[in-house]
Amino acid sequence: KLLVMIDEAVKQWYQRRVRASSLSRGEKQQTETDITMAITNFIKSVETKTKTIGRDLLKMLASLEPLVTQSRQGLMFMLLLEENKIFNSFFSGTPEIEMRMNQCFSQGLTVIYTTFHIALLDAYTRHDTTFFNLLDNIGFLVQFQCLLSTHGNELTMLEDHWITINNLAHCNIVLTSEELGAFSLTGLAYKVTISFGVGAEIWDMLPVGLKNRKPIPISTMLFTKGVNEQQMLSERVGTNTMEHTINIDGLCKLEVYFMMYKEYVTQNNIPGDLQKLESLISPICKHARAHIYKDVKLLVMIDEAVRLMSGSRVTSCKSAKDRTGMSVTYESVCTLSREHSLVSSGFNNALAALRSHGVRPLNCKKNTGSGKYAFNGFQLKILPKEYRPPIGTYGGKIT
């Protein structure tokens, strides 16, 4: 049924392409929306009609997901090329496009390596055998949060980001007993196996399956929210479709992973706050589908849900110093409040301290020579109140 839906969407798109040499903006957006909704409705119908979703069905959905994603992205990419009036030169530009994808993918692999390394050390420090069992039975969860707008050059960056993250889901990790951090790469383009050394001490904590070089699948998902003045412009002129499309795609992946996680912890009596996690999934779905402008609450709820499932988090914007600095400091203080009993009256003070004296101003200085965030007075008013730096910490000129 899913493949029939995709096939029908492809035929509709092709028929429109043949009918007219230049599609209207509305037709292009409607085509992309039709494809997205067909996939989303299929997954929703499975959830509502099936009282107990077995592991086999979940694996089937997970195996179909890359095909679905690539089909939709391929259509969207061609529409974007057509939008920019370079459709006829597409095939002559293939080497440049391939080079661009390779550059993005290599950086994405570096992020996966670093994130997995940190997650291993964290689990080892806390003697968290549950994390290793999750790797063995479900895989490695990495959720990416992006704060780019859907306007101008940032839209292109966001498109690269999304495609790269979805390509990373075709890769896997195999653990070895080599020294911690040692690695090698094998496989074909965009389908790479990372052989990762864990050292003798972590090796002793691993389940038998991982010791036998069982591949660990990588579950990646992207959620994005533009928060600056360019996103305000995008919302006004109606070019914000990409943000909603990406978030719906991320939501589908999050729901599939959650169902696998729930089944595993329930069957194996794994300790954890499953009730809290279930209470987060419903509002996450509601907020993601509602497409609320500058919805910081959505990002915070997703962060908490991913942490509850022992997943890893990555945050970025354009330069990874200004908007990213505001996001990760807010996330850190939320974690202090949620997990370390920070009193509510101390929330804003802790937030101001991290933004004024923590590593984020040092990051700005290292990148631009100025220890101040690159926000001016106008930009400050546009930012969500949760992402506004303290007085005296902004005014940097280099973005």
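Residues numbered from 1 in each chain as written. Predicted model: local features only at pLDDT ≥ 70, side-chain atom pairs only at ≥ 80, totals over all residues. Heavy atoms only, no water.

Focus: the packing of helix 13 (residues 323-339) against helix 14 (residues 347-357)
Their axes nearest at 9 Å, the elements helix 13 and helix 14 cross at an angle of 140 degrees. The orientation of helix 13 with respect to helix 14, classified from their angle, is oblique. Considering how the two elements wind past one another, helix 13 and helix 14 form a crossing that is right-handed. Two secondary-structure elements touch here, helix 13 through Met326, Thr329, Tyr330, Ser332, Val333, Cys334 and Ser337 and helix 14 through Phe347, Ala350, Leu351, Leu354 and Arg355. Here the residues of the contact of helix 13 with helix 14 sort into 8 nonpolar, 3 polar and 1 charged. (Axes fitted to C-alpha atoms, helices over the stretch in contact; angles between N-to-C directions. Helix = DSSP H or I, 4+ residues; strand = E, 2+ residues; numbered from the N terminus. Parallel < 35°, antiparallel > 145°, perpendicular 65-115°, else oblique. Left-handed = near helix turned anticlockwise from the far one by under 90°. Contact = heavy atoms within 4.5 Å. Nonpolar A, V, L, I, M, F, W, Y, C, P; charged D, E, K, R; others polar.)

Overview of the sheet that holds strand 3 (residues 183-188)
Within the open sheet, the 6 strands sit side by side as 3-4-2-5-1-6. Their pairing is mixed. Bordering the open sheet on either side are strand 3 and strand 6 (312-316), each of which pairs with just one other strand. With direction set aside, neighbouring strand axes in the sheet form an average angle of 25 degrees. Both strand 3 and strand 4 (residues 191-197) contribute to a ladder of 6 bridges, which runs antiparallel. By the bridge assignment, glycine 187 is partnered in strand 4 with valine 192. Relative to the sheet, helix 13 contacts strand 1 (140-146) and strand 6, its axis offset from that of strand 6 by approximately 150 degrees. (Pairing = 2+ DSSP bridges.)

What about unusual backbone geometry?
At histidine 291, a residue that is not glycine, the phi angle is positive and equals roughly 55 degrees. Considering the arrangement of structural elements, one finds histidine 291 in the loop between helix 11 (274-290) and helix 12 (296-308).

Points about the side chain of glutamine 143
Turning to its location among the elements, glutamine 143 is positioned in strand 1. Not counting residues up to four positions away in its chain, the partners in contact with glutamine 143 are Met221, Phe223, Ile302, Val306, Ser312, Arg313 and Val314.

Notes on helix 10 (residues 241-267)
Across its 27 residues, helix 10 extends 40 Å between first and last C-alpha, which sits within 8% of the 39 Å expected from 1.5 Å per residue. Looking one or two residues beyond helix 10, the residue adopting positive phi is asparagine 269, at roughly 50 degrees. (Expected span 1.5 Å × (residues − 1).)

A word on the pairing of strand 4
Extensive coverage of strand 4 is indicated by the burial of 6 of its 7 residues. As paired strands, strand 2 (residues 172-176) and strand 4 are joined by 5 bridges and run parallel to one another. Bridging from a neighbouring strand, asparagine 172 pairs with threonine 193 of strand 4. Turn length for the strand 3-strand 4 hairpin, with the two strands adjacent in sequence and antiparallel, is 2 residues, and the turn residue tyrosine 190 shows positive phi of about 65 degrees. (Buried < 20%, exposed > 50% of the residue type's maximum accessible area, 1.4 Å probe, protein only.)

Remarks on the pairing of strand 6
Most of strand 6 is tucked away: 5 of the 5 residues are buried. Residue alternation in strand 6 divides its side chains into two sets, Ser312, Val314 and Ser316 and Arg313 and Thr315, and both sets are buried. Summarising the sheet, strand 1 and strand 6 pair through 5 bridges and their orientation is parallel. In the strand pairing of strand 6, phenylalanine 144 is matched with valine 314.

Notes on the confidence of the model for the protein chain
On average, residues of the protein chain carry a pLDDT of 84, and 75% of them reach 70 or more. Segment residues 17-23: pLDDT under 50, and 9 contacts once partners within four positions in sequence are set aside and those in other chains are kept. When the criterion is pLDDT under 50, residues 81-93 qualifies, and its contacts beyond four places in sequence or with other chains add up to 14 contacts. (pLDDT = per-residue confidence, 0-100.)

Considering the nonpolar core
Counting 46 residues, the largest nonpolar core has Tyr261, Ile284, Met309 and Tyr387 as the members making the most contacts within it. For this core, the secondary-structure elements that each account for two or more residues are strand 5 (216-224), helix 10, helix 11, helix 12, helix 13 and helix 14. Residue contacts for isoleucine 284: discarding those within four places in its chain leaves Leu251, Leu254, Leu298, Met301, Ile302 and Ala305. (Core = buried A, V, L, I, M, F, W, Y, C linked by side-chain atoms within 4.5 Å.)

Details of the packing of aromatic side chains
Any pair of aromatic rings gets described here by the distance separating the centres and the angle formed by the planes. Applying the stated criterion to the full structure yields 8 aromatic pairs. Their ring planes at 45 degrees and their centres at 5.2 Å tell us that tyrosine 113 and phenylalanine 196 sit as a pair that is tilted. Residue tyrosine 113 is found in helix 4 (residues 94-125), and its partner phenylalanine 196 is found in strand 4; the two are separated by 83 residues along the sequence. Of the residues examined, phenylalanine 196 reaches a relative accessible area of 1% and is grouped as buried. Between phenylalanine 131 and phenylalanine 132 the ring centres are 5.6 Å apart and the planes differ by 70 degrees, which places this aromatic pair in the edge-to-face class. Note on phenylalanine 131: relative accessible area 5%, which makes it buried. Overall, the relative accessible area of 0% leaves phenylalanine 132 in the buried class. (Phe/Tyr/Trp six-rings, centres within 6.5 Å; stacked < 30°, edge-to-face > 60°.)

Here we look at the environment of proline 283
By the secondary structure assignment, proline 283 is in helix 11. Sequence separation of proline 283 and lysine 297 is 14 residues, and the distance between their C-alpha atoms is 9.8 Å.

Some remarks on the pattern of salt bridges
A side chain of one charge can pair with a side chain of the opposite charge if their charged atoms are brought near each other. Applying the stated criterion across every chain yields a total of 18 salt bridges. Arginine 307 is paired through a salt bridge with aspartate 303; the nearest N and O atoms lie 2.8 Å apart. In this pair, arginine 307 and aspartate 303 both sit in helix 12, 4 residues apart, roughly one turn of the helix. Here aspartate 303 falls in the buried class, since its relative accessible area comes to 2%. A single network of salt bridges, built from pairs that share partners, joins Lys276, Asp303, Glu304, Arg307, Arg313, Glu331 and Arg338. (Salt bridge = Lys/Arg side-chain N within 4 Å of Asp/Glu carboxyl O.)

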